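Descriptive analysis of the structure
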Amino acid sequence: MRTNPGVCQRKARYASEAEALEVAARAPFPLRPYKCGLCRKYHLTSRTKGMKLPKFELERRSSNSSPSLSRGNGSPKG
């Protein structure tokens, strides 16, 4: 992932991946850290499609995914 200079300057910087993961774990939505190629620090991003998610996020998602009939009303079409 490439970060342009303007985005890098606006984002919070974390000295280590562990520090960034601590902040991401407290967020109410999925975040993951990445190392910036410009400042060599860690930033957080909400872009997770196709990316390896942190362990805490995988656990959060597995605990929230329970079978339900939320896709429809539960009755067969006909």
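Now for a look at the structure at hand. (Residues numbered from 1 in each chain as written. Predicted model: local features only at pLDDT ≥ 70, side-chain atom pairs only at ≥ 80, totals over all residues. Heavy atoms only, no water.)

1. Quick word on the overall build of the protein
- Helix and strand counts for the protein come out as 3 helices and 2 strands.
- Reading the helices (α) and strands (β) of the protein from amino to carboxyl end gives α-α-β-β-α.
- Taking all 78 residues of the protein together, the buried fraction comes to 26%.
- Considering only contacts within the protein whose residues lie at least 6 apart along the sequence, 53% involve residues at least 24 apart.
- Accessible area for the protein stands at about 6300 Å²; split by element, carbon and sulfur atoms hold 51% of it. (Helix = DSSP H or I, 4+ residues; strand = E, 2+ residues; numbered from the N terminus. Buried < 20%, exposed > 50% of the residue type's maximum accessible area, 1.4 Å probe, protein only. Contact = heavy atoms within 4.5 Å. Areas by Shrake-Rupley, 256 points an atom, 1.4 Å probe, with all protein chains shown as cover.)

2. So, the pairing of strand β2 (residues 42-45)
- Side chains Tyr42 and Leu44 project from β2 onto one buried face, and the interleaved His43 and Thr45 project onto a second face that is buried too.
- Pairing of strand β1 (residues 32-35) with β2 involves 4 bridges; the strand directions are antiparallel. Residue pairing across strands places proline 33 opposite leucine 44, the latter belonging to β2.
- Between β1 and β2, which pair antiparallel in sequence order, lie 6 residues; one of them, arginine 40, sits at a positive phi of approximately 65°. (Pairing = 2+ DSSP bridges.)

3. Description of the environment of lysine 41
- For lysine 41, the location among the structural elements is in the loop between β1 and β2.
- On the basis of relative accessible area, lysine 41 is assigned to the partly exposed category, the value being 35%.
- Once residues within four sequence positions are removed from consideration, lysine 41 is found in contact with Arg13, Tyr14, Ala15, Tyr34, Lys35 and Cys36.

4. Observations concerning unusual backbone geometry
- Non-glycine residue arginine 40 carries a positive phi angle of around 65°.
- With respect to the helices and strands, arginine 40 occurs in the loop between β1 and β2.
- Its relative accessible area of 56% is what places arginine 40 among the exposed residues.

5. Topic: the environment of arginine 26
- Looking at the element boundaries, arginine 26 is found in helix α2 (residues 17-26).
- Note: C-alpha distance between arginine 26 and phenylalanine 56 (30 residues apart in sequence) is 9.9 Å.

6. Focus: the nonpolar core
- If you look at the biggest cluster of nonpolar residues, it comprises 8 residues: Tyr14, Ala20, Ala24, Ala27, Leu31, Tyr42, Leu44 and Phe56.
- For this core, the secondary-structure elements that each account for two or more residues are α2 and β2. (Core = buried A, V, L, I, M, F, W, Y, C linked by side-chain atoms within 4.5 Å.)

7. Structural notes on the side chain of threonine 45
- With respect to the helices, strands and loops of the structure, threonine 45 is situated in strand β2.
- Within the local environment of threonine 45, its side chain forms a polar contact with the backbone nitrogen of arginine 47, the two atoms lying 3.1 Å apart. (Polar contact = N/O pair within 3.5 Å; in protein donor to acceptor, adjacent residues only side chain to side chain.)

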